[in-house]
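What follows is each chain in one-letter form.
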Amino acid sequence: KQWGIDPTGEFTRSGHQNWCSILRSSSNTESMIRRELDWVKTQSQLKIEKLKIATDEHLGLELLHLFILDLLGRQTPAAHIFATKSEEDFKHSQVMTYRSKLLCSLLVFALNLFFAYYSIVHGYRKGLNWQMSYLAGCVSQLVVEMLLFETME
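Residues numbered from 1 in each chain as written. Predicted model: local features only at pLDDT ≥ 70, side-chain atom pairs only at ≥ 80, totals over all residues. Heavy atoms only, no water.

When helices and strands are counted, the protein chain shows six helices and zero strands. For the protein chain, with 153 residues in total, the buried portion stands at 10%. The contacts in the protein chain between residues at least 6 apart in sequence include a share of 18% that link residues at least 24 apart. Summed over all atoms, the accessible surface of the protein chain reaches about 13300 Å², with 66% contributed by carbon and sulfur. (Helix = DSSP H or I, 4+ residues; strand = E, 2+ residues; numbered from the N terminus. Buried < 20%, exposed > 50% of the residue type's maximum accessible area, 1.4 Å probe, protein only. Contact = heavy atoms within 4.5 Å. Areas by Shrake-Rupley, 256 points an atom, 1.4 Å probe, with all protein chains shown as cover.)

Now the structure itself:
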């Protein structure tokens, strides 16, 4: 019967006067706690849905963030300052499912194949002289890239 709650989870209605019954009668503690529990239930369902596809790193960071907010008191000025500062310092990242990563990789691979095929067909149409000029341009670009730009970095 600690905190005015019996083992079944209901609020006690005992006849003796304790600090919980004094608070309940003066500020309707039961309704305040019920509202708070409803809010927590709603927020936890939203977080669970949001974090279903998150990585372990995202889960850990979110749990740590929520824990610190709970320690500070969710509606206190300190919690608002912490939330605002963490929003500024930590960028949100979009979590991608494995399936969407696979589809994007396949799309990039298919586009690379298409453009390689197009380059081969284009070179075939232009003739051997153009192909040799293109090869010389590619080799000179590679040499300049390796010798000039890579040594400057």
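Having seen the model, we can carry on.
As a further point, take a nonpolar patch on the surface. Among the surface-exposed residues, Leu-128, Met-132, Leu-135, Val-139, Leu-142, Val-143, Met-146 and Leu-147 lie close enough to one another that they form a single nonpolar patch of about 800 Å² accessible area. Topologically, Leu-147 is positioned in helix α6 (residues 128-152). Of the residues examined, Leu-147 reaches a relative accessible area of 59% and is grouped as exposed. (Patch = residues over 30% accessible without salt bridge, like charges linked within 9 Å, V, L, I, M, F, W, Y side chains within 5 Å. Salt bridge = Lys/Arg side-chain N within 4 Å of Asp/Glu carboxyl O.)

Once that is clear, we can look at the layout of surface pockets. Of the voids in this model, the largest pocket is the one considered here, and its volume is about 940 Å³. Elements with a minimum of two residues in the lining of the largest pocket: α2 (29-50), α3 (56-72) and α4 (77-89). A per-element tally of the lining of the largest pocket places α3 first, with nine residues. Of the residues assigned to the lining of the largest pocket, the class counts are 15 nonpolar, nine polar and seven charged. (1 Å grid on protein atoms, 1.4 Å probe; cavity = no way out; pocket = protein on both sides within 12 Å on 5 of 7 lines; lining within 4 Å. Points joined across faces, edges and corners; volume = space filled by probe spheres on them. Nonpolar A, V, L, I, M, F, W, Y, C, P; charged D, E, K, R; others polar.)

For the rest of this paragraph, the subject is the pattern of salt bridges. Per the counting criterion, the structure on display carries five salt bridges. Of the charged contacts in the structure, one is a salt bridge between Glu-36 and Arg-74, with a shortest N-O distance of 2.5 Å. Note that Glu-36 is positioned in helix α2 and Arg-74 in the loop between α3 and α4, a separation of 38 residues in sequence. On the basis of relative accessible area, Arg-74 is assigned to the partly exposed category, the value being 29%. Lys-85 is paired through a salt bridge with Asp-89; the nearest N and O atoms lie 3.5 Å apart.

All right, on to the packing of aromatic side chains then. By the definition in use, this model includes three aromatic pairs. With 5.1 Å between their ring centres and 15 degrees between their planes, Trp-130 and Tyr-134 make a pair best called stacked. Residue Trp-130 and its partner Tyr-134 are both found in helix α6; the two are separated by four residues, about one turn of the helix. For Trp-130, a relative accessible area of 31% corresponds to the partly exposed category. Among the aromatic residues, those joined into a ring-pair cluster are Phe-114, Phe-115 and Tyr-118. (Phe/Tyr/Trp six-rings, centres within 6.5 Å; stacked < 30°, edge-to-face > 60°.)

Now for the side chain of Ser-86. Structurally, the position occupied by Ser-86 is in helix α4. Given a relative accessible area of 10%, Ser-86 falls into the buried group. Polar side-chain contacts of Ser-86 include one of 3.0 Å to the backbone oxygen of Ala-83. (Polar contact = N/O pair within 3.5 Å; in protein donor to acceptor, adjacent residues only side chain to side chain.)

Let's shift gears to the packing of α3 against α4. Between α3 and α4, the shortest axis-to-axis distance is 8 Å and the interhelical angle comes to 155 degrees. Between α3 and α4, the angle falls in the class roughly antiparallel. Considering how the two elements wind past one another, α3 and α4 form a crossing that is right-handed. Taken together, the residues of α4 that come into contact with α3 (itself represented by His-65, Ile-68, Leu-69 and Leu-72) are Ala-78, Ala-79, Phe-82, Ala-83 and Ser-86. (Axes fitted to C-alpha atoms, helices over the stretch in contact; angles between N-to-C directions. Parallel < 35°, antiparallel > 145°, perpendicular 65-115°, else oblique. Left-handed = near helix turned anticlockwise from the far one by under 90°.)

Taken over all residues, the pLDDT of the protein chain has a mean of 82, while the share at 70 or more is 82%. Mean pLDDT in the protein chain bottoms out at helix α1 (residues 19-27), which sits at 51, and peaks at helix α5 (residues 98-126), which reaches 94. (pLDDT = per-residue confidence, 0-100.)

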